[in-house]
Amino acid sequence: MEKNYKKTLKACYLGFITQAIVANFAPLLFLKFHTEYGIPLGQIALISTTFFFTQLIVDILCAKYVERIGYRRAVVLSEAASAVGLVGLAFLPDLLPSPFFGIIVSAIIYAIGSGLIEVLVSPIVEACPFENKEAVMSLLHSFYCWGTVAVILLSTLFFGVFGISNWKWMACIWAIIPIYNIYNFMTCPIEYLVENGEGMSVGELLKSPLFWTGIILMICAGASEISMAQWASAFTESALGIEKRMGDLAGPCMFAVMQGISRVIYGKYGNRIDLNKYMMGSGALCLFCYILASLSHNPFLSLVGCIMCGFSVGIMWPGTISIMSKRLPVGGTAMFALLAMAGDIGGSVGPAEVGIVTQTANDNLQVGMLSASVFPTVLIIMLLLIRKQNKRGVE
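We now turn to the structure provided with this report. From a predicted model like this one, the values you see are computed outputs, not experimental measurements. (Residues numbered from 1 in each chain as written. Predicted model: local features only at pLDDT ≥ 70, side-chain atom pairs only at ≥ 80, totals over all residues. Heavy atoms only, no water.)

## Thoughts on the overall build of the protein chain
For the record, the criterion: Only DSSP runs of H or I covering at least 4 residues are called helices, and only runs of E covering at least 2 are called strands; the numbering of each starts at the N terminus. We compute the radius of gyration over the C-alpha atoms and compare it with the globule rule, which gives 2.2 Å times the number of residues raised to the power 0.38. Throughout, exposure labels follow a simple rule: accessible area from a 1.4 Å probe, protein chains only, divided by the maximum for the residue type, with under 20% read as buried, over 50% as exposed, and the rest as partly exposed. Throughout, a contact is declared for two residues whenever any of their heavy atoms are within 4.5 Å. Computed with the Shrake-Rupley method and a 1.4 Å probe, the accessible areas treat only the protein chains shown as cover for residues. The charge count includes Lys and Arg as positive and Asp and Glu as negative, but it does not include His or the ends of the chains. Just so you know, the charge point we use is NZ for Lys, CZ for Arg, CG for Asp and CD for Glu.
In terms of regular secondary structure, the protein chain is built from 17 helices and zero strands. Expected size for 395 residues packed as a compact globule is a radius of gyration near 21 Å; at 20 Å, the protein chain falls within 12% of this value. Dimensions of the protein chain along its principal axes, counting C-alpha atoms only, are 50 × 50 × 35 Å. Looking at the protein chain as a whole, 58% of its 395 residues are labelled buried. Within the protein chain, contacts between residues separated by at least 24 positions form 83% of all contacts whose residues are at least 6 apart in sequence. Within the structure as shown, the protein chain displays about 16,300 Å² of accessible surface, and the carbon and sulfur contribution to it stands at 66%. Averaging the positions of the 24 positive and the 23 negative side-chain charges in the protein chain gives two centres separated by 5 Å.

## Some points on the packing of helix H12 (residues 275–295) against helix H13 (residues 299–313)
Two numbers describe a pair of packed helices, the interaxial angle and the distance between the axes. Just so we agree on the cut-off: In this analysis an axis means a line fitted to C-alpha atoms, helices contributing only their contacting stretch, and an angle means the value between N-to-C directions, from 0 to 180 degrees. An angle below 35 degrees is read as roughly parallel, one above 145 as roughly antiparallel, one from 65 to 115 as roughly perpendicular, and any other as oblique. Two helices cross in a left-handed way if the nearer one is turned anticlockwise from the farther one by less than a right angle. They cross in a right-handed way if the turn is clockwise. Gly is placed with the polar residues, together with every amino acid not listed as nonpolar (Ala, Val, Leu, Ile, Met, Phe, Trp, Tyr, Cys and Pro) or charged (Asp, Glu, Lys and Arg).
Following both chains from N to C, one finds H12 and H13 inclined at 160°, their axes separated by 8 Å at the closest point. When the interaxial angle is binned, H12 and H13 end up roughly antiparallel. The two elements H12 and H13 cross, and the hand of that crossing is left-handed. The residues of H13 that touch H12, namely those facing Tyr278, Ser282, Leu285, Cys286, Cys289, Tyr290, Leu292 and Ala293, are Leu301, Ser302, Val304, Gly305, Cys306, Met308, Cys309, Phe311, Ser312 and Val313. In terms of residue class, the contact of H12 with H13 is made up of 14 nonpolar, four polar and no charged.

## Let's talk about a nonpolar patch on the surface
The condition that has to hold: Residues with no salt bridge and a relative accessible area higher than 30% make up the patches, which join like charges within 9 Å and nonpolar side chains (Val, Leu, Ile, Met, Phe, Trp, Tyr) within 5 Å. Salt bridge, as used here, is a side-chain nitrogen of Lys or Arg placed within 4 Å of a carboxyl oxygen of Asp or Glu.
Nonpolar side chains collect at one region of the surface, where Phe53, Ile57, Leu61, Tyr65 and Ile69 lie side by side and expose about 460 Å² of accessible area between them. Mapping Ile69 onto the fold places it in helix H3 (residues 41–69). Using a relative accessible area of 44% as the deciding quantity, one classes Ile69 as partly exposed.

## Regarding the nonpolar core
We apply this condition: Within this scheme, the nonpolar core is defined by two criteria: the residues are buried Ala, Val, Leu, Ile, Met, Phe, Trp, Tyr or Cys, and they are joined through side-chain atoms within 4.5 Å.
Core analysis: the largest hydrophobic core is formed by 127 residues, its most contacted members being Phe25, Phe33 and Phe211. Apart from the residues lying within four places of it in its own chain, the contact partners of Phe33 are Ala26, Gly38, Ile39, Ile44, Ile47, Leu89, Ile103 and Trp167.

## Concerning helix H1 (residues 5–24)
Our working definition: Take the number of residues in a helix, subtract one, and multiply by 1.5 Å to get its expected span. Any pair of nitrogen or oxygen atoms within 3.5 Å is treated as a polar contact; in protein, a donor-acceptor pairing is required on top of that, and neighbouring residues in sequence qualify only through side-chain atoms on both sides.
For H1, which comprises 20 residues, the first-to-last C-alpha distance of 29 Å matches the rise-based estimate of 28 Å (1.5 Å per residue) to within 8%. Most of H1 sits inside the fold, with 17 of its 20 residues counted as buried. The N-terminus of H1 is capped by Asn4, whose side-chain oxygen sits 3.2 Å from the backbone nitrogen of Lys6.

## Some thoughts on the pattern of salt bridges
Overall, the coordinates contain four salt bridges when judged by the stated rule. Here Glu36 and Lys32 are joined by a salt bridge, their closest N and O atoms 3.6 Å apart. Of this pair, Glu36 and Lys32 both sit in helix H2 (residues 30–36), separated by four residues, roughly a single helical turn. On the basis of relative accessibility, which here comes to 34%, the residue Glu36 falls in the partly exposed class.

If you want it as structure tokens, here you go:
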């Protein structure tokens, strides 16, 4: 009987949509948590930090143990944890003595699911016998962006019709998707990227200079992307004075749209593009966007900076993975896991820095956003060093 790998692809698409839900739903409520529960913005920043730090721990564990557990068991667990965490977000803040502790516990649970999705979905698709695999992989990564757009649009619509005070119902509604996807992953065909024991070990990867280059690039990519993505909703509402529903549509939603467009363009024309130059140009655009959003006195121009930042970061994460997959083809699950770990380090450090600097500057989010411009700057410097090393290698 011929295996239906299209069902595998569908499950993986929904996997990235699940990750988009758990990563982007809570940030839409940051100011709601601040006003409803009286949680300071500095502590609110710890929600994102906890989320990505938990993913980081999951990434490390996956590098060593996921092939022993098995892809299917681990990816089913990812959907179950995501669903439980979303439902917990609706109930635990009121059930536990501290609302903030309830939010953190929920974030840890669904971050476990998100971390497993992040590590497993790409190698699962990579292992499938698809034609035009680069196009398939590019479309796969764009589904995170389209999932983000759906989360923002549908959540905003729900809040507009029923009021943001009913956000707990929306959290439960979003949990339906990972619950449904449990069945998909339990029944679809799943192959392995390399046979158990044939991929590079963690020790072998850590001895590779190329791998460390990928680690630094992923840290910068994660920080550049997540700093804006996680704070865009609060930034457009509080710093730019835009009404929440319009701010969510114009800020984080358009950020995700532009990010998805960037990934689709690369998927279609990537074979004609010098990836190093394209990523360097994207880093320069990202730096300009952070400066524009932070320093412009014109709210429209600041909003343009937020939106175009999405396009600039689109290539950074999948571009780094493409480089590493091509040059270290036997990296195996450990490589995907450690690269995801590096991205999560950036995703933890970036939003936390924005929140801490914002609180230090008397809740001035524009100052906090400006501090995040360090990440695309480091990314550009790293790419320049790589280019210089490549020239020396040629010589």
